[in-house]
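# Chains, contacts and geometry: an overview
The chain contents come next:
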Amino acid sequence: MKHTFCVIVVSLVFLFGFSQENYPKDYFSNPLEIGSILAGTFAELRSNHFHSGVDIKTQQREGLKVFATANGYVSRIKISPWGYGKALYIQHPNGYTTVYGHLKEFAPEIEAYVKQQQYAKEKFAIELFPKSNTLKVTQNQLIAYSGNTGGSGGPHLHYEIRDSRQHPMNPMLFGFHVKDTRKPSINSVYGYSLTDSSQINHHNNRVKLKLTKGKDGNYLAETVRASGYISFGINTYDKQDLAHNKNGVYNIKSYVNGKQNYELDFKKFSFNESRHLNQLIDYSYFKKKKSRIQKLFKNERNPLSIIKNVTDYGQLYIEEGEQINYKIVVADYSGNTRCVTIPIIGEKLEITHTEDKLISDYYVYTEKPTNLEHDGKKVYLPKDALYENIPIRFETVGDTIILGEKDIPLHKNITITYNSKKFSKEDLAKVYVSSLGYNNKPFYINTYKKDGNIIGKTKSFGKFTLSSDTEAPIIKPINTQNGKWMSKNTFLQMKITDKHSGIKKYRATINGKWALMEYDAKKDLLSYKFSDNIHVAGENKFKLIVIDNVGNNAIFEMTFFRNN
């Protein structure tokens, strides 16, 4: 009888889980001709954000036809070396917007419109908002070809459906189908003591629970002997039938003696809350282990709309002699579920395992801004930069600032300020604020100079210092050289790199006219398409200027020849 409750919950998921709102199930078609196999699911936990769509596999290929999934018009086009890369947004008459990301190129009419705008503005990275009558599309019309542009880790199509407020929604709600008969997997479950006097099995810190798998695939945890305020967290994932990769789950619920006390419901969210993922997960564990535990409790300042049906913030207060049956139910969209049962006995045990806590003269309160200063170095944390009130580490050694710990998440940019008086005007131009990584390798952070100060902005704690970059970027021709005939080439390609502060901008010209060179930041590659016809028949003068983040520049010039 120990898993009877799980069976009841599974039935309730099937009966009521997807019937609370009406979504147009037959309105949107498939954006690809091939079947839908996912490399990523909606609201999957990513670095500092929830995944806002589904990633559809493209058989490790680029150039597959991408189709509009309903009638409408292209309302937005964004091209960037990062993020979605080349992306299309289509507004539909029913108020929804669909998004298509990491595209290789657009369909001819859209491509021509974009190229015209890029050449007019002399920009590769561009954002356009066409009028409703400029680029109309019909359902199943070819709009683009799939690719691997932007921050994509491999060829696939990123596909989204957004509501009228531009909040991303789970495409599965609209009839997007993926074959999935497999139950979610549970890697581990952890107990958390939430106050200094609370404990779980003698632990006042995070403690991993031993799980035993039953014949039905559900789990029974070891008996928890606890006292005070406690809760739990889970590391879980889902796999669909035709894919080996680990994807996010659709729903997680917890129950105390049969009564629900917490839910994570991955139907939709808003972009302005997405970074709060960092307080949904055990961020410290993630930074150390590169694995995400989803907490089944929250603090009072957590605004995440995916957290629903919460009682007492998901916390349990365990009294001496009390017996509690705690359940976790994990579900995918297809209704496959996996359960964990955790028996809890109230028993005040001696605390023998604790975590060292930082003792510091510096304390940060979330509800007000904080200014820190030592030896002429200043740090400013705005209101709500942190998720909770905590002491933080703040030390300076020469130009090096040791600030906080990398396993503490920041929600907003903080500023780090140095006085610039010791630098000459020439030296100051090359100085920037850097974060120090492995082996104290410096990495550029956004830096500007103002009122005699050098100011850096960052969203991560760590070690910071001042670094200098006096080396120009490096330009390396890939498929050309001075005096080469390029009549048979489709592209003219250059590789651009910078050892220190990084590439800020570049500009290419052919015979003095601006030439569009697409930037693949993952490959450090610039590409000019000869089909743009900026060149002339015969001799052509090519020039490329690349500038790094402190103003060092490199210039490459050559002559090439072409028949057409």
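Residues numbered from 1 in each chain as written. Predicted model: local features only at pLDDT ≥ 70, side-chain atom pairs only at ≥ 80, totals over all residues. Heavy atoms only, no water.

## A look at the overall build of the chain
Of regular secondary structure, the chain possesses five helices and 47 strands. Each principal axis of the C-alpha distribution contributes one length, and for the chain these read about 90 × 65 × 35 Å. Looking at the chain residue by residue over its 564 residues, the buried ones come to 51%. Nonlocal contacts in the chain, meaning residues at least 24 apart in sequence, comprise 69% of its contacts between residues at least 6 apart. Roughly 26900 Å² of accessible area belongs to the chain as shown, and the carbon and sulfur atoms make up 48% of that amount. Across the chain, the 78 positively charged side chains and the 56 negatively charged ones have centroids separated by 5 Å. (Helix = DSSP H or I, 4+ residues; strand = E, 2+ residues; numbered from the N terminus. Buried < 20%, exposed > 50% of the residue type's maximum accessible area, 1.4 Å probe, protein only. Contact = heavy atoms within 4.5 Å. Areas by Shrake-Rupley, 256 points an atom, 1.4 Å probe, with all protein chains shown as cover. Lys, Arg positive; Asp, Glu negative; His and termini not counted. Charge placed at Lys NZ, Arg CZ, Asp CG, Glu CD.)

## Concerning the pattern of salt bridges
Tallied over the entire structure, the rule returns 22 salt bridges. Residue R301 is joined to D384 by a salt bridge in which the shortest nitrogen-to-oxygen separation is 2.2 Å. Here D384 lies in the loop between β29 (377–381) and β30 (390–391) and R301 lies in the loop between β22 (294–295) and β23 (307–308), a separation of 83 residues in the sequence. Of the residues examined, R301 reaches a relative accessible area of 36% and is grouped as partly exposed. For D384, a relative accessible area of 23% gives the class partly exposed. E471 is the salt-bridge partner of K499, the closest N and O atoms lying 4.0 Å from each other. Taken together, the residues K499 in the loop between β41 (491–497) and β42 (503–510) and E471 in the loop between β38 (462–468) and β39 (474–477) connect sequence positions 28 residues apart. (Salt bridge = Lys/Arg side-chain N within 4 Å of Asp/Glu carboxyl O.)

## Some points on the sheet that holds strand β45 (residues 525–529)
Pairing in this open sheet of four strands is antiparallel, and the strands run β39-β41-β45-β44 from one edge to the other. At either end of the open sheet lies a strand with only one pairing partner, and these are β39 and β44 (518–520). The mean inter-strand angle of the sheet, taken between neighbouring strand axes irrespective of direction, is 25°. The pairing of β39 with β41 spans four bridges and is antiparallel. Counted as the bridge partner of I474 is T497 from β41. (Pairing = 2+ DSSP bridges. Axes fitted to C-alpha atoms, helices over the stretch in contact; angles between N-to-C directions.)

## Digging into the side chain of N201
Here N201 lies in the loop between β15 (199–200) and β16 (207–208). Overall, N201 belongs to the buried group, its relative accessible area being 16%. If we ignore the near neighbours within four places in the chain, the residues touching N201 are E222, T223, V224, R225 and L349.

## Side note on the packing of aromatic side chains
Enumeration according to the criterion identifies 25 aromatic pairs in this entry. Judged by centre distance (6.2 Å) and plane angle (80°), the ring pair of F269 and F271 falls under edge-to-face. For F269, a relative accessible area of 2% puts it in the buried group. With relative accessibility at 39%, the residue F271 sits in the partly exposed group. Consider the rings of Y528 and F530, whose centres lie 5.4 Å apart with planes at 80°: the pair is edge-to-face. Accessibility assignment for this pair places Y528 and F530 in one class, buried. Seen from the ring of Y89, R76 lies directly overhead, with NZ or CZ sitting 4.4 Å from the centre. The cationic tip of R562 hangs over the ring face of F530; the distance from NZ or CZ to the ring centre is 4.1 Å. (Phe/Tyr/Trp six-rings, centres within 6.5 Å; stacked < 30°, edge-to-face > 60°. Lys NZ or Arg CZ within 6 Å of the ring centre and 35° of its normal.)

## Examining the environment of I401
Counting through the fold element by element, I401 comes out in strand β32 (residues 400–403). Looking at I401, the relative accessible area reads 0%, which means it is buried. In sequence terms I401 and D469 are 68 residues apart; their C-alpha atoms lie 19 Å from each other. Setting aside residues no more than four positions away along its own chain, I401 makes contact with K377, F394, E395, T396, I416, Y418, G462, K463 and F464.

## What to know about a positive patch on the surface
Side chains of K287, K290, K406 and K463 sit close together on the surface and give a patch of like positive charge. Along the polypeptide, K290 turns up in the loop between α4 (283–289) and β22. (Patch = residues over 30% accessible without salt bridge, like charges linked within 9 Å, V, L, I, M, F, W, Y side chains within 5 Å.)

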